[in-house]
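Coordinate analysis (summary)
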Amino acid sequence: QVQLVESGGGLVQAGGSLRLSCAASGRTFSRSAMGWFRQAPGKEREFVAAITGSGGRTYYGDSVKGRFTISRDNAENTVYLQMHSLKPEDTAVYYCAAESPYKVVATSSTEYDYWGQGTQVTVSS
């Protein structure tokens, strides 16, 4: 069983930056692809970014490309989402998610097996 705990959300002005962290439990972290998703009120959950177990490949949703960066520290069992040039439309609850070990990294939320509780990001205009 994997437990994920997000932190780092908050209120920021448009154009600002935030870094989200997701601490994972378990011994298989380095063998699991990790992803970030977000969900705004009244909207479906949206893919934000994903990273392979080794950290060698990353993937981004079109709306965040060039502004957000996903990374991971396997020694610390932590994945990060660095967010720059934030916009009001980035306002959402951000969720960290993990796939089971050895699965191919995915952009669909249905492929992820473990989820954090979410952290709120609010961007004011």
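Before any of the text, the structure's been laid out above.
Basis of the calculations
Residues numbered from 1 in each chain as written. Predicted model: local features only at pLDDT ≥ 70, side-chain atom pairs only at ≥ 80, totals over all residues. Heavy atoms only, no water. Disulfide = S-S within 2.5 Å. Helix = DSSP H or I, 4+ residues; strand = E, 2+ residues; numbered from the N terminus. Contact = heavy atoms within 4.5 Å. Polar contact = N/O pair within 3.5 Å; in protein donor to acceptor, adjacent residues only side chain to side chain. Pairing = 2+ DSSP bridges. Axes fitted to C-alpha atoms, helices over the stretch in contact; angles between N-to-C directions. Buried < 20%, exposed > 50% of the residue type's maximum accessible area, 1.4 Å probe, protein only. Core = buried A, V, L, I, M, F, W, Y, C linked by side-chain atoms within 4.5 Å. Salt bridge = Lys/Arg side-chain N within 4 Å of Asp/Glu carboxyl O.

Applying the stated criterion across every chain, the model contains 1 disulfide. The disulfide partner of Cys22 is Cys96, and the S-S distance across this bridge is 2.1 Å. A torsion of -75° about the S-S bond marks the disulfide between Cys22 and Cys96 as left-handed. Here Cys22, found in strand S3 (residues 18-24), pairs with Cys96, found in strand S9 (residues 92-98); they are 74 residues apart in sequence, far enough to count as distant.

Another point: the environment of Ser63. Checked against the element boundaries, Ser63 lands in the loop between strand S6 (58-60) and strand S7 (68-73). Remark: the alpha-carbon pair of Ser63 and Ala50, spanning 13 residues in sequence, is separated by 14 Å. Excluding its chain neighbours within four sequence positions, the residues that come into contact with Ser63 are Arg38 and Glu46. In this structure the side chain of Ser63 is engaged in a polar contact, spanning 3.2 Å, whose partner is the side chain of Arg38.

Moving on, we get to the sheet that holds S7. Sheet architecture is open: 4 strands sit in the order S1-S3-S8-S7, paired in antiparallel fashion. Unpaired on one side and paired on the other, strand S1 (4-7) and S7 mark the two borders of the sheet. Ignoring strand direction, the axes of neighbouring strands in this sheet form an average angle of 15°. Here 4 bridges tie S1 to S3, and the two strands are oriented antiparallel to one another. Within the sheet, the bridge partner assigned to Glu6 lies in S3 and is Cys22.

Here we come to the pairing of S3. Counted residue by residue, S3 has 5 buried out of 7 residues, so it is predominantly covered. Taken together, the 6 bridges between S3 and strand S8 (residues 78-83) define a ladder with antiparallel strand orientation. Along S8, the bridge assignment pairs Leu20 with Leu81.

Looking now at the nonpolar core. Residues Leu4, Met34, Trp36, Val79, Leu81, Met83 and Tyr94 are the most contacted members of the largest nonpolar core, which totals 28 residues. Of all hydrophobic cores here, the second largest spans 8 residues; its members include Phe37, Ala50, Ala97 and Tyr112.

This next bit is on the pattern of salt bridges. By the definition in use, this model includes 6 salt bridges. Its salt-bridge partner being Glu46, residue Arg38 comes within 2.8 Å of it at the nearest N-O pair. The class of Glu46 is partly exposed, set by a relative accessible area of 29%. With a closest N to O distance of 2.8 Å, Asp90 and Arg38 form a salt bridge. With Asp90 in the loop between S8 and S9 and Arg38 in strand S4 (residues 34-39), this residue pair connects regions lying 52 residues apart in the sequence. For Asp90, a relative accessible area of 1% translates into the label buried. Residue classification places Arg38 among the buried residues on the basis of a relative accessible area of 5%.

Now for the environment of Ser21. Checked against the element boundaries, Ser21 lands in strand S3. The sequence separation of Ser21 and Ala92 amounts to 71 residues, and the corresponding C-alpha distance is 16 Å. The residues touching Ser21, leaving out its near neighbours within four places in the chain, are Val5, Glu6, Ser7, Trp36, Thr78, Val79 and Tyr80.

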